[in-house]
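What follows is each chain in one-letter form.
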Amino acid sequence: LSVGGEQESRQESFGGMAKALIVAMLGIFAVLVVQFRSFKQPLIVFSAIPFAATGAFFALFLTGYTFSFTAFVGLTSLVGIVVNNAIILIDTANQKHEQGDKLLDAIMQSAQTRMTPILLTTVTTIAGLLPLTLSGSSMWAPMGWAIIGGLLVSTLLTLFVVPILYVLFTEESDVQAATQPIA
């Protein structure tokens, strides 16, 4: 018995891409561990990724598209945007805490200060993707819907969940290590 057709091409496309995504995620995690000098804060950053994936799959489901190769490319792009938003939030909180703010105050001020840039990035990305997505192209629409759905869900949840995780799992030593210059 041999699997053929769309299933066979899907396995060929996703086989190498899944491995590449895992390697890329491990590389990003390693860079974040070096940057934050902690394992906790990179895990907090990575906590935003499931929100993005959930939003992407939900948008594909609602629009009737399957998880195709271009949707996978969209999900990969989405991971970069979401990780960047969480990094900005945590880094700003670390800086504010190092300047003397209490942990809770630092993350609250960080979320308030970074909310506008994060929301503007989300809105402009969605606006830029709308023409491509609404064209109805079976090739590009799944990518657009994956990014749009993932951004909508992850942006809202990142602004609420990441600060909560930051307060719950960040200790004074994590912030001090993250804000010291690399020798």
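Refer to the preceding data block for the structure.
A brief look at the structure comes next. (Residues numbered from 1 in each chain as written. Predicted model: local features only at pLDDT ≥ 70, side-chain atom pairs only at ≥ 80, totals over all residues. Heavy atoms only, no water.)

**So, the packing of helix 3 (residues 49-63) against helix 4 (residues 69-98)**
In step 1: Running from N to C, helix 3 and helix 4 point in directions that differ by 145°, and their axes come no closer than 9 Å. Handedness of the crossing formed by helix 3 with helix 4: right-handed. Across the interface between the two elements, Ile49, Ala52, Ala53, Ala56, Phe57 and Leu60 of helix 3 pack against Ala71, Leu75, Leu78, Val79, Val82 and Val83 of helix 4.
In step 2: The class makeup of the residues in the contact of helix 3 with helix 4 is 12 nonpolar, no polar and no charged. (Axes fitted to C-alpha atoms, helices over the stretch in contact; angles between N-to-C directions. Helix = DSSP H or I, 4+ residues; strand = E, 2+ residues; numbered from the N terminus. Left-handed = near helix turned anticlockwise from the far one by under 90°. Contact = heavy atoms within 4.5 Å. Nonpolar A, V, L, I, M, F, W, Y, C, P; charged D, E, K, R; others polar.)

**Observations concerning unusual backbone geometry**
In step 1: Here the phi dihedral of Arg37 falls at roughly 50°; this positive angle occurs in a residue that is not glycine.
In step 2: Here Arg37 lies in the loop between helix 1 (5-36) and helix 2 (40-46).
In step 3: According to the relative accessible area criterion, Arg37 is partly exposed, its value standing at 30%. (Buried < 20%, exposed > 50% of the residue type's maximum accessible area, 1.4 Å probe, protein only.)

**Topic: the packing of aromatic side chains**
In step 1: For the coordinates displayed, the defined rule picks out 4 aromatic pairs.
In step 2: Ring centres 5.0 Å apart and planes at 50° place the aromatic pair Phe57 and Phe67 in the tilted group. Of the two residues, Phe57 sits in helix 3 while Phe67 sits in the loop between helix 3 and helix 4, which places them 10 residues apart along the sequence.
In step 3: For Phe57, a relative accessible area of 41% gives the class partly exposed.
In step 4: Taken together, the ring pairs connect Phe29, Phe39 and Phe46 into an aromatic cluster. (Phe/Tyr/Trp six-rings, centres within 6.5 Å; stacked < 30°, edge-to-face > 60°.)

**Some words on helix 5 (residues 103-134)**
In step 1: The first and last C-alpha atoms of helix 5 sit 43 Å apart over 32 residues, in line with the 46 Å expected at 1.5 Å per residue.
In step 2: Maximum bend of helix 5: about 40°, positioned at Arg114, with proline Pro117 one to four residues after it.
In step 3: Considered for burial, the residues of helix 5 that qualify are Leu103, Ala106, Ile107, Ser110, Ala111, Ile118, Thr122, Ile126, Leu129 and Thr133.
In step 4: Positive backbone phi, at 80°, marks Gly136, one or two positions downstream of helix 5. (Expected span 1.5 Å × (residues − 1). Bend = angle between axes of the 7 residues up to and from the residue.)

**Thoughts on the side chain of Ser110**
In step 1: Structurally, Ser110 can be placed in helix 5.
In step 2: Apart from the residues within four sequence positions on either side, Ser110 is in contact with Leu89, Thr92, Ala93 and Lys96.

**Side note on the nonpolar core**
In step 1: If you look at the biggest cluster of nonpolar residues, it comprises 38 residues, and the most contacted ones within it are Val45, Phe46, Leu78, Ile90 and Val162.
In step 2: Secondary structure elements with two or more residues in this core: helix 1, helix 2, helix 3, helix 4, helix 5 and helix 6 (141-169).
In step 3: No other element matches the 10 residues that helix 4 contributes to this core.
In step 4: Discounting chain neighbours no more than four positions away, the residues touching Val45 are Leu32, Phe36, Val83, Ala86, Ile87 and Ile90. (Core = buried A, V, L, I, M, F, W, Y, C linked by side-chain atoms within 4.5 Å.)

**Some thoughts on the pattern of salt bridges**
In step 1: Summed over all chains, the structure comprises 1 salt bridge.
In step 2: Here Lys40 ties to Glu171 by a salt bridge, and the two come within 2.8 Å at their closest N and O atoms. Of the two residues, Lys40 sits in helix 2 while Glu171 sits in the loop between helix 6 and helix 7 (172-179), which places them 131 residues apart along the sequence.
In step 3: On the basis of relative accessibility, which here comes to 43%, the residue Glu171 falls in the partly exposed class. (Salt bridge = Lys/Arg side-chain N within 4 Å of Asp/Glu carboxyl O.)

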